[in-house]
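Letter by letter, the chains look like this.
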Amino acid sequence: MQPENPPMSSILRPALVLFAMLTGLTGIVYPLAVTGLAQALFPHRANGSLILLDGKPVGSRLIAQSFTEAKYFWSRPSATTPQPYSGTGSAGSNLGPLNPALIDAIKPRIAALRAADPDNKVPVPVDLVTASASGLDPEESLAAAQYQAARVARARGLPLAQVQALIAAHAEGRLWGVLGEPRVNVLELNLALDALK
Amino acid sequence: MTAASAILLIVYVVVVLLCVKPLGLYMANVMEGRPIWPLRAGAPLERWIYRLCGIDPAAEMGWKQYAVALLVFNALGALVVYALQRLQLWLPLNPQHFANVSPDSAFNTAVSFITNTNWQGYSGESTMSYLTQMAGLAVQNFLSAATGIVVAIALIRGFARHGAQAIGNFWVDMTRATLYVLLPLATLLAVLLVSQGVLQNLSAYEDVTTIETLAYQQPKADAAGNPAKDAKGDPVMQSAITRTQTLPMGPVASQEAIKELGTNGGGFFNANSAHPYENPNALTNFLEMLAILLIPTALTYTFGRMVGDTRQGWAVLAAMAILFIILVNVALVNEQGGNPLVGRLGVDQSAGALQPGGNMEGKEARFGIAASSLFATVTTGTSCGAVNSMHDSFTPLGGFVPLFNMMLGEVVFGGVGTGLYSMLIFAIVGVFIAGLMIGRTPEYLGKKIESFEMKMSSVAILVMPFIVLVGTAVGVSVAGGQAGVANPGAHGFSEILYAFVSASNNNGSAFAGISANTIFYNTALGLVMWLGRYWPIVAVLAIAGSLAAKKRVPVTSGTMVTYGPTFVVLLIGTVLLVGALTFVPALALGPIVEHLMLRGGSHG
């Protein structure tokens, strides 16, 4: 059964037709079928996990936004351009560990945290002063939230214990004790703070 | 390494290994066309496809015909992906009205996706229409993965058959790999991902009104719309404020699923699997990491099964797993160790109950150090190249791991299909070296390894280092190459080296600070991706054809055993010898010197 060398047309027709059919199947039918299933089963999540306040979207629980006022927990720094937390330009800083620009970026972040809370002398948790990979990290470590609790409590005139309890209530641990890191969603935590009034 | 990191690594490895046998057996049945129920159910669809294509599914091909069909089919894919990008403004499903992509970028991206590289010079959420993503890029995620599978299967048939002239029917193999392996797995994974928050819609981007007003600096444009420059040539900045955040949308989950399963790695978004809409939590991250290794690991069982001795497959898998565990640990320890320069600023990098600590620049809070280091090792040991953290910001030795992983030729499980066939080439070289040492004609799986196989194996192995080193040398020498570098010093050299290593190995991850969407990098990396993919594939198919025609040599007491610890050590030794000897000088100029500078500086 020695296969002969067939003419080129015997390759072109299967190539063209099979390519068209597999494109239709994997490029049109498959994504549309998944879209249909997604919209039927998980419409909220398939459409961006938006958070509504008085019927208007104020953000997504999965996408960080900027917080700079003392009364809010601040998100992890964002290196997107031109503005931070740009939903249409996800990016990390890509600064190497020895790059002087990395230290130059971190120093003012530490200074801003210290200035907003001069009495807080403990070391700053590393994730609170380093840019996330996506620039849109919606969460921060529990250490980062705890670090800011006193500032937020003071700015809002709340007892520290109440703010700490709120962090604990929103804390997410390791799934099944294995997956992920202990963390808290910043936007949800801030909205919960606003809802206290 | 923390206890949590160790537990995650163990759980991950155990879950991956548990999937090897069932999926490997299933793939063997599919590719051998056995009448299992999915094939019986799909038979009418298959027959219809073959009839429209004019294919006789029983007619098999010799290796040359198989190779020509593969190259023609892949070239067709490149043309279509190129055309979709160049015409997307006038085609449907472009709600953001993205412009047509420039010729050099479209060329680079087309080659990138057909070669299973998914190097991305562009930012997905601001460049590609939904149609381009779905019908261009995601289709190639399927087809390039299927291409890898069929080449591996063809090589396995070369070992399994004797006195045969044919190695299979390319059209049938492609159809079955897509229909019965990739599509069902991708559909299942995509729905699971959506259930956790990955996007899946065709809507336009959503504007939301944020809680706070954001004040920021942006480059000022001059009258002509170009960025204004001051007397020193620095851009002029102006203040801006906004309370609007634009949230991206799109058919993300369907693309994400096949991106991992097919070890493609091309993100819907620029930040890839670090983006919360691609990878929203620790569970999706685990599923995505599992999906990356699922098919490459299971193919080792498929291999053992099809050559009639599953011990052969387990031996190959063991060699891969040992290398993997060593490399993961190097990454984990170094990333957990943090950056001494940052520590000196009064920053807490220690791991504890409330934070992962370590080097968190370019990492996400939900993944921390453990899941980021693990993902980086998984994605570069395979040809995936998806990232959930920015490798450019890793510590020098943490970043060394992904780089070295690719330099080994991506055999630490390896890409879908490519991992197995690349490792089998190393096995051929290994038994050849062993044969020289004991003075016997080398044999592998009952086939004599002779001069033709050795020539083709050398071609398959050596093309990668050749194009990496030549490409890097050109990149650091010409202005177009130097211009893309983002970080100063040794790290900048690593960025260029990483780009060429990644492209040559069809990985697609990057030290992403590099500005690669330029005519120099789009062209150079496009060529390198093409050569790095198809040159070895043709050599592997040639070996498959040659082996299939050979008679089987009977096993005697003098036959070298190609399972068991001795062979595993021989295989690991061959991989390390070739990879390390080729790249030690380049590594010394990049991550190693950077590590010495960082640690040396910490005593100052």
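Being a predicted model, the structure only gives us computed values, none of them experimental.

Peer 1: Before we move on, can you summarise the domain arrangement of chain A with the specific residues and values?
Peer 2: Taken domain by domain, chain A comprises domain 1 (9-45) and domain 2 (48-195). The straight-line distance from the C-alpha centre of domain 1 of chain A to that of domain 2 of chain A is 40 Å.

Peer 1: I'd like a rundown of the sheet that holds strand S4 (residues 139-141) of chain A, residues and numbers included.
Peer 2: Sheet strands pair by backbone hydrogen bonding; their relative direction is either parallel or antiparallel. Residues and elements named next belong to chain A. Spatial strand order, S4-S6-S5: three strands in an open sheet with antiparallel pairing. The strands lining the two open edges of the sheet, one partner per strand, are S4 and strand S5 (171-172). Here three bridges tie S4 to strand S6 (residues 183-185), and the two strands are oriented antiparallel to one another. Its bridge partner being in S6, glutamate 140 is matched across the sheet by valine 184. Running at roughly 60 degrees to S6, helix H6 (residues 186-195) makes contact with S4 and S6 of the sheet.

Peer 1: Residues and numbers for the packing of helix H1 (residues 3-31) of chain B against helix H9 (residues 310-337) of chain B, please.
Peer 2: Residue and element names in this part refer to chain B. Orientation of H1 relative to H9, taken along the N-to-C sense of each, is 160 degrees, at an axis distance of 12 Å. Judged by the angle between their axes, H1 and H9 are roughly antiparallel. Remark: the crossing between H1 and H9 carries right-handed chirality. Residue-level contacts link Ser5, Leu9, Tyr12, Val13, Leu17 and Val20 of H1 to Trp314, Leu317, Phe324, Val328, Asn329, Leu332 and Gln336 of H9. For the contact of H1 with H9, the class distribution of residues is 10 nonpolar, three polar and no charged.

Peer 1: Describe the interface of chain B and chain A, naming the residues involved and giving the relevant values.
Peer 2: At the junction of the two partners, chain B supplies 126 residues and chain A supplies 110 residues. Together chain B and chain A conceal approximately 9100 Å² of surface at their shared face, both sides included; 69% is due to carbon and sulfur atoms. Contact with chain A buries surface across chain B, with Ile211, Glu212 and Glu361 of chain B losing the most and accounting together for 8% of the total. Here chain B and chain A share one salt bridge between them. We note a salt bridge from arginine 366 of chain B to aspartate 137 of chain A, for which the minimum N-O separation is 3.8 Å. On the surface where chain B and chain A come into contact, there are 39 residue pairs in polar contact (both at pLDDT 80 or more). If one sorts the elements of the side of chain B that touches chain A by residue count, strand S1 (residues 206-219) of chain B sits on top with 12 residues. Across the side of chain B that touches chain A, the residue classes tally to 72 nonpolar, 40 polar and 14 charged. Note: strand S3 (residues 124-125) of chain A against strand S3 (residues 347-348) of chain B, two bridges, orientation parallel. Bridge pairing in S3 of chain B places proline 125 of chain A opposite aspartate 348 of chain B.

Peer 1: Quick rundown of helix H5 (residues 160-170) of chain A? Include the residues and the values.
Peer 2: Helical periodicity: at 3.6 residues per turn, an α-helix aligns residues three or four positions apart in one direction. Residue and element names in this part refer to chain A. Taken residue by residue, H5 has Val163, Leu166 and Ile167 as its buried positions. End-on view of H5: buried residues confined to an arc of 100 degrees, all on one side of the axis. The outward face of H5, more than 90 degrees from its buried face, is lined by the exposed residues Ala161, Ala168 and Ala169. At its buried positions, H5 is contacted by helix H4 (142-156), S5, S6 and H6.

Peer 1: Hey, could you go over the layout of surface pockets for me, with residue numbers and the actual values?
Peer 2: Within this model, the largest pocket holds a volume of roughly 790 Å³. Taken together, 37 residues line the largest pocket, and the ones lying closest to its centre are Asn94 of chain A together with Gln120, Asn270, Ala512 and Ile514 of chain B. Residue classes in the lining of the largest pocket are distributed as 12 nonpolar, 25 polar and no charged. There is about 580 Å³ of room inside the second largest pocket. What lines the second largest pocket is a set of 21 residues, and nearest its centre among them are Pro77, Ser78, Pro84, Tyr85 and Arg109 of chain A. Among the elements that line the lining of the second largest pocket, the one with the most residues is S1 of chain B, at four residues.

Peer 1: Account for the nonpolar core, with residues named and values stated.
Peer 2: Judged by nonpolar contacts, the single largest core of 179 residues is most densely connected at Phe73, Phe170, Trp171, Phe324 and Tyr444 of chain B. Take this core: its biggest share by element is 16 residues, from helix H8 (residues 282-306) of chain B. Setting aside chain neighbours within four positions, we find phenylalanine 73 of chain B in contact with Ala15, Leu18, Phe19 and Leu22 of chain A together with Leu143, Phe170, Trp171 and Met174 of chain B. Within the second largest apolar cluster, 40 residues are counted, among which are Leu128 and Leu189 of chain A together with Ile211 and Val347 of chain B.

Peer 1: Pulling in residues and values, what's your account of empty space enclosed by the protein?
Peer 2: All names here are of chain B. Across all of its chains, the model carries six cavities of 30 Å³ or more by this definition. Looking at the largest cavity, it is lined by 25 residues, and the ones nearest its centre are Gly409, Ser422, Ala460, Asn505 and Pro536. Looking at the lining of the largest cavity, the elements with two or more residues in it are helix H13 (418-438), helix H14 (451-477), helix H17 (519-549) and helix H18 (565-602). Its residues assigned to classes, the lining of the largest cavity comprises 13 nonpolar, 10 polar and two charged. Looking at the second largest cavity, its volume works out to about 60 Å³. In terms of lining, the second largest cavity is formed by Tyr12, Val13, Val16, Leu17, Leu293, Ala321, Phe324, Ile325 and Phe413. Within the residue set of the lining of the second largest cavity, elements represented by two or more residues are H1 and H9.

Peer 1: Tell me what's going on with the confidence of the model for chain B, and back it up with residues and numbers.
Peer 2: All names here are of chain B. Looking at chain B, the pLDDT average stands at 93 and 99% of residues meet or exceed 70. When mean pLDDT is compared element by element in chain B, helix H6 (residues 170-195) scores highest at 97, while H18 scores lowest at 89. As a predicted assembly, this complex carries a pTM of 0.94 together with an ipTM value of 0.95.

What counts and what doesn't
Residues numbered from 1 in each chain as written. Chains lettered and ligands numbered in written order. Predicted model: local features only at pLDDT ≥ 70, side-chain atom pairs only at ≥ 80, totals over all residues. Heavy atoms only, no water. Domains from an automatic or database assignment. Pairing = 2+ DSSP bridges. Helix = DSSP H or I, 4+ residues; strand = E, 2+ residues; numbered from the N terminus. Contact = heavy atoms within 4.5 Å. Axes fitted to C-alpha atoms, helices over the stretch in contact; angles between N-to-C directions. Parallel < 35°, antiparallel > 145°, perpendicular 65-115°, else oblique. Left-handed = near helix turned anticlockwise from the far one by under 90°. Nonpolar A, V, L, I, M, F, W, Y, C, P; charged D, E, K, R; others polar. Buried area = accessible area lost by both parts, 1.4 Å probe. Salt bridge = Lys/Arg side-chain N within 4 Å of Asp/Glu carboxyl O. Polar contact = N/O pair within 3.5 Å; in protein donor to acceptor, adjacent residues only side chain to side chain. Buried < 20%, exposed > 50% of the residue type's maximum accessible area, 1.4 Å probe, protein only. Arc of directions from axis to C-beta. 1 Å grid on protein atoms, 1.4 Å probe; cavity = no way out; pocket = protein on both sides within 12 Å on 5 of 7 lines; lining within 4 Å. Points joined across faces, edges and corners; volume = space filled by probe spheres on them. Core = buried A, V, L, I, M, F, W, Y, C linked by side-chain atoms within 4.5 Å. pLDDT = per-residue confidence, 0-100.

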